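Each chain is listed here by its residues.
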Amino acid sequence: MLQVPHGGPELPQRRNLVTEIPGPASRALFERRLGVVARGVSTTLPVFITAAGGGVLLDADGNSLIDFGAGIAVVSVGNAAPDVVSRVSAQVAQFTHTCFMVTPYEGYVEVCEQLARLTPGEYEKRSALFNSGAEAVENAVKIARHYTGRQAVVAFDHAYHGRTNLTMALTAKNMPYKQGFGPFAGEIYRVPMAYPLRWPDGPDACRAEALSVVKSLIHTQVGESNVAAVIIEPIQGEGGFIVPPDGFLRGLADFCADHGIVFIADEIQSGFCRTGDWFASSHEGVVPDLVTTAKGIAGGLPLAAVTGRAEIMDAVHPGGLGGTYGGNPVACAAALGAIETMESLDLSARARRIGDIMLPRLRKLAETYPVIADVRGRGAMVAVELTRPGTLEPDPASTAAVAGACHRAGLVVLTCGTFGNVLRFLPPLVIGEELLEEGLDILEDAFASL
Ligand SMILES: *Cc1c(COP(=O)(O)O)cnc(C)c1O
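As the structure is a computational prediction, the values presented were derived from the model and not from experiment. Counting restarts for each chain: residues are numbered from 1 in the order of the written sequence. The predicted origin of the model limits local features to residues at a pLDDT of at least 70 and limits the giving and counting of side-chain atom pairs to 80 or more, whereas totals for whole chains, interfaces and linings rest on all residues. Hydrogens and waters are ignored; side-chain quantities use all the structure's heavy atoms.

Observations concerning the overall build of the protein chain
- Counting from the N terminus, the helices are DSSP H or I runs at least four residues long and the strands are E runs at least two residues long. When helices and strands are counted, the protein chain shows 13 helices and 15 strands.
- Computed over the C-alpha atoms, the radius of gyration of the protein chain is 22 Å, within 12% of the 22 Å expected from 2.2 N^0.38 for a compact globule of 450 residues.
- Its C-alpha atoms give the protein chain principal-axis dimensions of roughly 60 × 60 × 45 Å.
- By the burial criterion, 54% of the 450 residues in the protein chain qualify as buried.
- Note on contacts: a residue pair qualifies if any of its non-hydrogen atoms lie within 4.5 Å across the two residues. Here the analysis covers contacts within the protein chain between residues at least 6 apart in sequence; of these, 75% occur between residues at least 24 apart.
- Only the protein chains shown count as cover for residues, and all accessible areas are computed by the Shrake-Rupley method using a 1.4 Å probe. Carbon and sulfur atoms make up 53% of the accessible area of the protein chain, which amounts to about 18,600 Å² in all.
- Asp and Glu are treated as the negative residues and Lys and Arg as the positive ones, with His and the ends of the chain left uncounted. The location of each charge is read from NZ of Lys, CZ of Arg, CG of Asp or CD of Glu. Side-chain charges in the protein chain split into 35 positive and 48 negative, and the spacing between the mean points of these groups amounts to 4 Å. Atoms considered for the radius of gyration are the C-alpha atoms alone. The globule rule reads 2.2 Å times the number of residues to the power 0.38. For the exposure calls, accessible area comes from a 1.4 Å probe over protein chains only, and a residue counts as buried if that area is under 20% of its type's maximum, exposed if over 50%, partly exposed in between.

In structure tokens form, the structure reads like this:
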């Protein structure tokens, strides 16, 4: 048996391949998996992890890989972050569950205090805690409908909000998220996203036109007075790391305010320092009515939240919101440790620094390889979109080839995008700069080998 070191930041911060990727131990585990784990649960890179920390993942064969995925923007504070480990260890030895709705505990209240302090907006706030991002989105919609007495919900092209029934309806992409899983929830309306690269009349027209197109569609096809909520990811995640032009989110928020529509920012992927600020909405000073959070909130433990204006949140009667495990005490302890780490290490500044390193190198790469049609993102939420050179025709095959080459070289990268043609980079915010540069070197080699 392999001697497995503890994870966390003490793990040697270097890439080190001792077998091919995946190695024999991971391949054997994958065989076992095939016999018992449902096929519908997919795997990006079949290496089985035994320890992780900082910017590396250690696998069952003893390979040390560079992590540009952070478990999909979850372990922003790093795996097994010391403040998370110590608080979780203490909590787990104290008590593991009571159900906050039966007999409450302080950690839940403390997390809600932190959310009130950190989320955008100076108004009186309330929060409710859940287990997953999808559950937070479901509850944000429930709350908005209850508060407004309206039913319609407006979502965007390329949106991703989860895999439960209501959130599948909000999610835009059919394959793999929706195929064969209908019927979907009703009263969901979809409008175009301000997607500069793919706006029919080009990026400049996108800035000028997108907001009025959205407003006009809501007016003509739904009617403002029927709309409970508009939900949007300030930077879209699974849909392709799409960054709307400045002014779009603000205009949308103003439109919602003018018509009594609840403006929901889904910050599940973009929140908690990822884009160089606590929340991506803050970039333009946009103040949502409700914010959904999850992924980065608790250093890897399952926790999610809806936070928003007290009058909206408190419109729901007692017992109308909740769940057995929502705001589990161990997950709350983890969140408090993660938030402490984000503040003590100033991870927003680290995210901005990561963007300052990655974006220029990716732009340079785009000059050499015309398959890269766009470089975009903010802070440590960065992506490149691949097309057939000189066109907007998506190139998912090259995207998969580059990702595969990175994986074989020991760099974990993820793809995304409605057309499967976006490589996205979400390193843990505590990653060392040498490792970050080495990861970019591997990416460069991968493009060279296309
Ligand atoms: C991941 C994600 C969700 C869903 O979160 P789960 O925890 O997987 O249910 C919802 N919205 C956005 C923006 C996400 O990135």
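So, the domain arrangement of the protein chain
- Partitioning the protein chain into structural domains gives domain 1 (24-77 + 346-448) and domain 2 (83-344).
- Either an automatic procedure or a domain database provided the assignment from which the domain bounds are taken. The C-alpha centroid of domain 2 is placed 25 Å from the C-alpha centroid of domain 1.
- Each partner contributes residues to the interface: domain 1 has 39 residues there, and domain 2 has 35 residues.
- Accessible surface is computed with a 1.4 Å probe, and the buried area is the amount of it that two parts give up when combined, taken over both parts together. Note on domain 1 versus domain 2: buried area summed over both sides is about 2,900 Å², and carbon and sulfur give 57% of it.
- A pairing counts as a salt bridge when a side-chain nitrogen of Lys or Arg comes within 4 Å of a carboxyl oxygen of Asp or Glu. Ionic pairing is found between R198 and E385, a salt bridge with its closest N-O pair at 2.7 Å.
- Here a polar contact is taken to be a pair of N or O atoms separated by no more than 3.5 Å, where protein atoms must pair a possible hydrogen donor with a possible acceptor and residues adjacent in sequence count only if both atoms sit in side chains. Applying the counting criterion to the domain 1 and domain 2 interface returns 19 residue pairs in polar contact (both at pLDDT 80 or more).
- Of all the secondary-structure elements, those providing two or more residues to the side of domain 1 that touches domain 2 are helix 2 (70-73), helix 11 (347-368), strand 11 (372-378), strand 12 (381-386) and strand 15 (422-425).
- Sorting elements by how many residues they give to the side of domain 1 that touches domain 2 places strand 11 first, with five residues.
- Under the convention adopted here, Pro, Cys and the residues Ala, Val, Leu, Ile, Met, Phe, Trp and Tyr are nonpolar, Asp, Glu, Lys and Arg are charged, and Gly plus all remaining residues are polar. Tallied by class, residues from the side of domain 1 that touches domain 2 come to 23 nonpolar, nine polar and seven charged.

Quick look at the side chain of K125
- Among the secondary structure elements, K125 is positioned in strand 4 (residues 125-130).
- Although K125 lies buried, it forms no salt bridge, and the closest oppositely charged side chain, E122, sits 6.1 Å away as judged by the N-O distance.
- Within the structure, the side chain of K125 is placed 2.7 Å from the backbone oxygen of T119, a separation counted as a polar contact.
- A polar contact is formed between the side chain of K125 and the backbone oxygen of G121, at a distance of 2.8 Å.

What to know about the pairing of strand 1 (residues 49-53)
- When DSSP finds two or more bridges between a pair of strands, those strands are recorded as paired. One ladder, built from four bridges, connects strand 1 with strand 2 (residues 56-59); its direction is antiparallel. Directly across from I49, in strand 2, lies its bridge partner D59.
- Between strand 1 and strand 2, which pair antiparallel and follow one another directly, the connecting turn spans two residues, one of which, G54, has a positive phi of 60 degrees.

Describing helix 8 (residues 248-258)
- Buried residues of helix 8: F248, L249, G251, L252, A253, F255 and C256, and no others.
- Where the residues of helix 8 are buried, they touch strand 5 (152-156), helix 7 (203-222), strand 7 (227-232) and strand 8 (262-266).
- Looking at the residues trailing helix 8, positive phi occurs at G260, about 65 degrees.

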